[in-house]
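Residue strings, one per chain:
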Amino acid sequence: MKVRFWGVRGSCATPGGRYLRYGGNTTAIEVRAASGHRILIDLGTGVTELAKELMAAEFGQGRGELPVLLTHTHVDHIQGLPFFTPLFIRGNSIRIMGRELEGASLKEVLQDQLNGHYSPLYGLENLAAGLEVQTLRAGSSWPAEGFEVKTQLAPHGSTSVVACRITADGKSVVIMTDVEHAPEGISSELTELARDCDLLVHDAMFSDSEYTLRAGWGHSSISSAIAAAHAVGAKRLALFHHSPDSSDDRLDMLVQDAAEASSVPLFAAQEGHDVTV
Ligand SMILES: [Zn+2]
């Protein structure tokens, strides 16, 4: 199984020379199985680059199928949707899965993003591809051909997100972005979801000193990502959802310190890189 990070940045895209190595696009992770099946996690600005690869193959001919799991609908996780060109090609079939939201349906939230005030697309109905928006209960298995996808709700400040465990080829990757665990640590439900995974992709937005000022914002410190990896018995940890304040040089430094503090091998997720799981 391969994991490719198309967007690793949290909250706000960061173009500019100081962010080139780790990358400045917001959340988008592609998981590919040896069978050729793929699943996309989130629709941040990173999907614009994935779109180019897909359009050069079957999606450019209207023969592509793609399941997308949305962790949540904060703007850095959906901002790439209006620019995801496979949606403009008749014949493609794209299915967005997310959890039920409070106060509005998932489809309404995505529709609002395309209203004429924000976008010249004027609504999901104007996308030529077959688009299905499906809401499912977090805590259950979600359908994606070629994978087993288990989900669980995870705390994200005043709201919650979907954490997922994706299994194929006898390997598992767990994606836990935009989470802030309780002070006593990761919950038993999330521990169960992530237990003994081959790769844990975990929010690590803040350095420890930043976290003292930003506790309660819904993101993790690098130390709490490491603590979670230890608690669940992860074999490897990818630090993810990098702060827009973290330049390449700063991230190098943070990762070096983190690696010394962790007995779980770790790295910082890097845009455009394939990780074999
Ligand atoms: Zn985010």
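Right above here is the structure, for reference.
What counts and what doesn't
- Residues numbered from 1 in each chain as written.
- Predicted model: local features only at pLDDT ≥ 70, side-chain atom pairs only at ≥ 80, totals over all residues.
- Helix = DSSP H or I, 4+ residues; strand = E, 2+ residues; numbered from the N terminus.
- Rg over C-alpha atoms; globule rule 2.2 N^0.38 Å.
- Buried ≥ 20, exposed ≤ 12 C-beta atoms within 10 Å, placed from the backbone.
- Contact = placed C-beta atoms within 7 Å.
- Pairing = 2+ DSSP bridges.
- Right-handed = clockwise from strand over helix to strand, strands pointing away.
- Axes fitted to C-alpha atoms, helices over the stretch in contact; angles between N-to-C directions.
- Expected span 1.5 Å × (residues − 1).
- Arc of directions from axis to C-beta.

Novice: Account for the overall build of the protein chain, naming residues and giving values.
Specialist: From N to C terminus, the protein chain includes seven helices and 14 strands. Since a compact globule built from 277 residues should have a radius of gyration of about 19 Å, the 18 Å found for the protein chain is in line with a globular shape. For the protein chain, the C-alpha atoms occupy an extent of roughly 50 × 40 × 40 Å along the three principal directions. Out of the 277 residues belonging to the protein chain, those deemed buried represent 48%. Partitioning the contacts of the protein chain with sequence separation of at least 6, the portion at a separation of at least 24 is 68%.

Novice: Could you give an account of the pairing of strand β12 (residues 237–240), with specific residues and numbers?
Specialist: If a strand is regular, its side chains alternate between the two faces of the sheet. What you see with β12 is no split at all: Leu237 and Leu239 on one side and Ala238 and Phe240 on the other are buried throughout. Inspection of the sheet shows strand β11 (residues 199–203) paired to β12 by four bridges, in the parallel sense. The residue of β12 that forms the bridge with Asp203 is Phe240. As paired elements, β12 and strand β13 (residues 266–268) share three bridges and run parallel to each other. Of the residues in β13, the one forming a bridge with Leu239 is Ala268. One crossover worth recording links β12 to the parallel β13 by way of helix α7 (residues 248–261), and it is right-handed.

Novice: So what's going on with the sheet that holds strand β14 (residues 274–276)? Which residues, and what values?
Specialist: If you trace the seven strands from one edge of the open sheet to the other, you get β6-β5-β4-β3-β2-β1-β14, paired in mixed fashion. Looking at strand neighbours, the two that pair on one side only are β6 (130–136) and β14, the edges of this open sheet. Adjacent strand axes in the sheet meet at a mean angle of 20°, parallel and antiparallel pairs treated alike. Across four bridges, strand β2 (residues 28–32) lies against strand β3 (residues 38–41) in antiparallel orientation. Paired with Ile29 across the bridge in β3 is Ile41.

Novice: Go over α7, please, and point to the residues and values.
Specialist: Given a rise of 1.5 Å per residue, 14 residues ought to cover 20 Å, and the 20 Å separating the end C-alpha atoms of α7 matches this to within 8%. For α7, the complete set of buried residues consists of Leu251, Leu254 and Ala258. Viewed along the axis of α7, the buried residues span an arc of 65°, placing them on a single side of the element. Residues of α7 that are exposed and point more than 90 degrees away from the buried face comprise Asp249, Gln256 and Glu260. In this structure, the buried side of α7 is in contact with α6 (222–232), β12 and β13.

Novice: Lay out the environment of Gln79 in plain terms, naming residues and giving numbers.
Specialist: With respect to the element layout, Gln79 can be found in the loop between α2 (75–78) and β5 (93–99). Its 24 C-beta neighbours within 10 Å are what place Gln79 among the buried residues. As for Gln79 and Glu271, which are separated by 192 residues in sequence, their C-alpha atoms are 17 Å apart. Aside from chain neighbours lying at most four places away, what touches Gln79 is Thr26, Gly44 and Thr45.

Functional significance is not addressed by these values, which are geometric in nature.
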